[in-house]
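A structural walkthrough
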Amino acid sequence: MYTYDPAVKTYGLDRDDVGSKFNLTLTYQLDASYPLVFGQLRRRKLPEKAYDKIYQGKTNHTAWFVSHCTTWSKREIYVKRMRKLIPVDIYGGCSDRKCGVIHYRTSDNSLCLPMLSKQYKFYLAFENSFCKDYISEKFFKLFQEVDVIPVVRGGFDYKKYLPSGIFVDASDFKTPEDLAKYLLQLGSNQKEYVKMLKRKNSLYGQLASGSRIIGRLHLRYVDVTKRDLKTVDIETDHTAPDE
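Residues numbered from 1 in each chain as written. Predicted model: local features only at pLDDT ≥ 70, side-chain atom pairs only at ≥ 80, totals over all residues. Heavy atoms only, no water.

Take the overall build of the protein next. Counting its regular elements, the protein contains eight helices and nine strands. Counting every position in the protein, which comprises 243 residues, the buried fraction comes to 45%. Within the protein, residue pairs in contact and separated by at least 24 positions form 77% of the contacts whose partners lie at least 6 positions apart. Of the accessible surface of the protein, which amounts to about 13,000 Å², a share of 51% is contributed by carbon and sulfur atoms. (Helix = DSSP H or I, 4+ residues; strand = E, 2+ residues; numbered from the N terminus. Buried < 20%, exposed > 50% of the residue type's maximum accessible area, 1.4 Å probe, protein only. Contact = heavy atoms within 4.5 Å. Areas by Shrake-Rupley, 256 points an atom, 1.4 Å probe, with all protein chains shown as cover.)

Turning our eyes to something else, we now look at the nonpolar core. Counting residues in hydrophobic clusters, the biggest one holds 55 residues, and the most contacted among them are Trp64, Met82, Leu116, Tyr123, Phe126 and Leu179. Take this core: its biggest share by element is six residues, from strand S5 (residues 120-126). Setting aside residues up to four positions removed in sequence, Leu179 forms contacts with Tyr78, Met82, Phe126, Val151, Val168, Ala170 and Phe173. (Core = buried A, V, L, I, M, F, W, Y, C linked by side-chain atoms within 4.5 Å.)

Strand order across the open sheet formed by five strands is S4-S3-S5-S6-S7, with parallel pairing between neighbours. The open sheet terminates on both sides in strands that have one partner only, identified here as strand S4 (88-91) and strand S7 (168-169). Two strands pair when backbone bridges link them, and S5 and strand S6 (residues 149-153) are joined in this way by five bridges, in the parallel orientation. By the bridge assignment, Phe122 is partnered in S6 with Ile149. Along the sheet face, helix H2 (residues 75-82) touches strand S3 (60-65), S4, S5 and S6 and points at about 150 degrees away from the line of S5. The sheet strands contacting helix H6 (residues 176-187) are S3, S5, S6 and S7, and the helix crosses S5 at an angle near 150 degrees. (Pairing = 2+ DSSP bridges. Axes fitted to C-alpha atoms, helices over the stretch in contact; angles between N-to-C directions.)

Turning to the pattern of salt bridges, a few remarks are in order. Counting across every chain of the model gives nine salt bridges. One network of salt bridges, with partners in common, ties together Arg44, Lys49, Glu145 and Asp147. (Salt bridge = Lys/Arg side-chain N within 4 Å of Asp/Glu carboxyl O.)

A few words on the state of the cysteines. On inspection of all chains with the given rule, the structure shows one disulfide. Here Cys69 engages in a disulfide with Cys94; their sulfurs sit 2.1 Å apart. Across the S-S bond of Cys69 and Cys94 the torsion is about -105 degrees, and the bridge reads as left-handed. Of this pair, Cys69 sits in the loop between S3 and H2 while Cys94 sits in the loop between S4 and helix H3 (109-119), and the two are 25 residues apart along the sequence. (Disulfide = S-S within 2.5 Å.)

Our focus in this paragraph is the side chain of Lys121. Residue position: Lys121 is located in strand S5. Buried charged residue Lys121 carries no salt bridge. Nearest counter-charge: Asp52, at 12 Å. (Lys, Arg positive; Asp, Glu negative; His and termini not counted.)

On the surface, a cluster of positive charge is contributed by Arg43, Lys191, Lys195 and Arg199. The greatest single-element share of the positive patch, amounting to three residues, is contributed by helix H7 (residues 190-201). The topology assignment puts Lys191 in helix H7. Lys191 sits in the exposed class, given a relative accessible area of 68%. (Patch = residues over 30% accessible without salt bridge, like charges linked within 9 Å, V, L, I, M, F, W, Y side chains within 5 Å. Charge placed at Lys NZ, Arg CZ, Asp CG, Glu CD.)

Taken N-terminus to C-terminus, the directions of H2 and H6 make an angle of 55 degrees; their axes are 8 Å apart at the nearest point. Compared by their axis directions, H2 and H6 come out oblique. Crossing geometry of H2 relative to H6 is assigned as right-handed. Every residue of H6 that contacts H2 at Tyr78, Arg81 and Met82 is listed here: Pro176, Glu177, Leu179, Ala180 and Leu183. Split into classes, the residues belonging to the contact of H2 with H6 amount to six nonpolar, no polar and two charged. (Parallel < 35°, antiparallel > 145°, perpendicular 65-115°, else oblique. Left-handed = near helix turned anticlockwise from the far one by under 90°. Nonpolar A, V, L, I, M, F, W, Y, C, P; charged D, E, K, R; others polar.)

Moving on, we come to the packing of aromatic side chains. Enumeration according to the criterion identifies 14 aromatic pairs in this entry. Both rings, one in Tyr91 and one in Tyr120, keep their centres 6.3 Å apart while their planes meet at 85 degrees; by these two values the pair is edge-to-face. With a gap of 29 residues between them, Tyr91 in strand S4 and Tyr120 in strand S5 connect regions that are remote in the sequence. Tyr120 matches Tyr91 in its accessibility class, with the two residues each being buried. Taken together, Phe139, Phe140, Phe143, Phe156, Tyr158, Tyr161 and Phe167 form an aromatic cluster joined through their ring pairs. The aromatic ring of Phe143 is capped on one face by Lys200, whose charged end is 5.1 Å from the ring centroid. (Phe/Tyr/Trp six-rings, centres within 6.5 Å; stacked < 30°, edge-to-face > 60°. Lys NZ or Arg CZ within 6 Å of the ring centre and 35° of its normal.)

Below is the structure:
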């Protein structure tokens, strides 16, 4: 079985017998036969930039690129409460603000990410569900020369698997209002903001390669071709992982 989608979009995986129907699994879950992720972070030498000027040149506070307006994680309700205390500019299908052709997608990176990097202090990398181990590509894109601090919310264990001091985790706060107050505080403290931005920029986000994934699947399949492979029909939503 091969899927990048979170469990809430892969109908049938909640069946009691589904685990015995597959010889191999390639999913985002870390206990899969071959765990798949949308990217990885690599350490690098900190790019030489005028970080204080970058901070001083930012004219907006927080941005969110989103095209799915109603989600399992209820992130839209969470952000609505945050917006009572801080300005959150929403781009995409859930707002009149647009970036790129229609809304933010990979093909629009050349337009959206430079704007985000120059104008905004924070970006909401909120997942559409709280599936265990799931982290989408939106997080890793922010580590590709984008001078913004990610604010994360999802089912992935960010603290366990990622370096500290490179993002703000919504799970550290009891309420959306508490998170908003912290972002106001951090965003107004140039020294602390620049410190976190430098720590974050010492890592580079490398997105996963589809060809490498299929290659790994093929090699593993060759090893088991003599077995009686079982199959099961699973209805999967094949739409691209949403923002």
